[in-house]
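# Inside the fold
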Amino acid sequence: VADSSRRVKTPKYSLFTFHAVQVQAHFLEYDIRTMHYALKSELVRFPSAGLTRGYHDCCLSPSKTELVAGTSVGELMVFSAENLVYRAALPISTNGLLSVCTAGDYVFVGAGDGKVKKLQGNDQYW
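Residues numbered from 1 in each chain as written. Predicted model: local features only at pLDDT ≥ 70, side-chain atom pairs only at ≥ 80, totals over all residues. Heavy atoms only, no water.

## Section: the overall build of the protein
The line we're drawing: The way it works is that DSSP assigns letters per residue, a run of H or I at least four long becomes a helix, a run of E at least two long becomes a strand, and they are numbered from the N terminus. Here the term buried applies to any residue with accessible area under 20% of the maximum for its type, exposed to any over 50%, and partly exposed to those in between, with areas from a 1.4 Å probe on protein chains only. By the convention used here, residues are in contact when the closest approach between their heavy atoms is within 4.5 Å. We get accessible surface area from the Shrake-Rupley algorithm with a probe of 1.4 Å; when it comes to residues, only the shown protein chains can shield them. Under this rule, positive means Lys or Arg and negative means Asp or Glu; His and the chain ends count for nothing. For this purpose, a charge sits on NZ of Lys, CZ of Arg, CG of Asp or CD of Glu.
Broken down by element type, the protein carries zero helices and 10 strands. When its helices and strands are written in sequence order, the protein yields β-β-β-β-β-β-β-β-β-β. Seen through its principal axes, the protein has C-alpha atoms that stretch 50 × 35 × 20 Å. Sorting the 126 residues of the protein into buried and exposed places 34% on the buried side. Counting only contacts in the protein whose residues sit at least 6 apart along the sequence, the fraction spanning at least 24 positions is 33%. Split by element, the accessible area of the protein, about 7500 Å² in all, is 52% carbon and sulfur. Mean positive and mean negative side-chain charge positions of the protein (13 and 11 charges, respectively) differ by 3 Å.

## Here we look at the packing of aromatic side chains
Put simply, the test is: In summary, the pairing rule links any two rings of Phe, Tyr or Trp, Trp by its six-membered ring, whose centres are within 6.5 Å, and it sorts them by plane angle into stacked for under 30 degrees, edge-to-face for over 60 and tilted for everything else. Any Lys NZ or Arg CZ found within 6 Å of a ring centre and within 35 degrees of that ring's normal is scored as a charge over the ring.
Scanning the entire structure with this criterion turns up eight aromatic pairs. The interplanar angle of 75° and the centroid separation of 5.5 Å between the aromatic rings of phenylalanine 46 and phenylalanine 79 together place this pair among those described as edge-to-face. Taken together, the residues phenylalanine 46 in the loop between β3 (36-43) and β4 (55-60) and phenylalanine 79 in strand β6 (residues 75-80) connect sequence positions 33 residues apart. Classification of phenylalanine 79 as buried rests on a relative accessible area of 1%. Geometrically, the ring pair formed by phenylalanine 46 and tyrosine 86 is stacked, given 5.9 Å between the ring centres and 20° between the ring planes. Taken together, the residues span a long stretch of sequence, with phenylalanine 46 in the loop between β3 and β4 and tyrosine 86 in strand β7 (residues 85-91) at a distance of 40 residues. On the accessibility criterion, phenylalanine 46 (23% relative accessible area) is partly exposed. An aromatic cluster of three or more residues is present, and its members are Phe18, Phe46, Tyr55, Phe79 and Tyr86. Taking NZ or CZ as reference, lysine 12 lies 4.7 Å from the ring centre of phenylalanine 27, over its face.

## Considering the pairing of β3
What counts is decided by this rule: Here, any two strands with at least 2 DSSP bridges between them count as paired.
Taken together, the eight bridges between strand β2 (residues 23-31) and β3 define a ladder with antiparallel strand orientation. Each bridged residue has a counterpart across the sheet, and for phenylalanine 27 the counterpart in β3 is lysine 40. In sequence, β2 turns back onto β3 through a hairpin of four residues, with methionine 35 there showing a positive phi of about 65°.

## Here we look at the sheet that holds strand β1 (residues 13-18)
The condition that has to hold: As a rule, the C-alpha atoms of each element are fitted with a line to give its axis, helices using only the stretch in contact, and angles between N-to-C directions run from 0 to 180 degrees.
Strand order in the open sheet formed by three strands is β1-β2-β3, with antiparallel pairing between adjacent strands. Across the chains shown, the open sheet's two edge strands, defined by having one partner strand only, are β1 and β3. For this sheet, the mean angle separating the axes of adjacent strands, direction not counted, is 20°.

## Side note on the nonpolar core
Counted only if it meets this: Residues belong to one nonpolar core when they are buried, are Ala, Val, Leu, Ile, Met, Phe, Trp, Tyr or Cys, and are joined through side-chain atoms within 4.5 Å.
By size, the foremost hydrophobic cluster in this structure holds 14 residues, and its most contacted members are Phe16, Tyr55, Phe79 and Leu84. At the level of elements, β2, β4, β5 (66-71) and β6 are the ones that each hand at least two residues to this core. Tallying contributions element by element places β2 first for this core, with three residues. Those residues in contact with phenylalanine 16, other than ones at most four positions away along the chain, are Gln24, Ala25, Leu60, Leu67, Ala81 and Leu84. Ranked by size, the runner-up nonpolar core spans 13 residues in total, among them Leu76, Leu97, Val100 and Leu119.

Structural data, given as structure tokens:
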């Protein structure tokens, strides 16, 4: 995702990768000193235990400040994209969340039971 708040000719890109026990944020940013892009990776901070999940899909929230991800256990996981911390786990479906996308001010999630749900909110309040 390109960072549109930067007023330079070289945008900053972000990529989030999910693993069973960790979420990583990768930032591709142009370094003027070396005249090329550099990749920096950081771990998203979680509570100490109990959140091992399989992730299917993710996207940025409409406000672009949170990363929302669907899990195999049917939860919508919310992470702060700015501070790289876990914020909430919201139970949505019993059969997993297979797709997540945004349109306008809403987040749409596709559940494993064949239902599509429309959500609106931010942080821990959805």
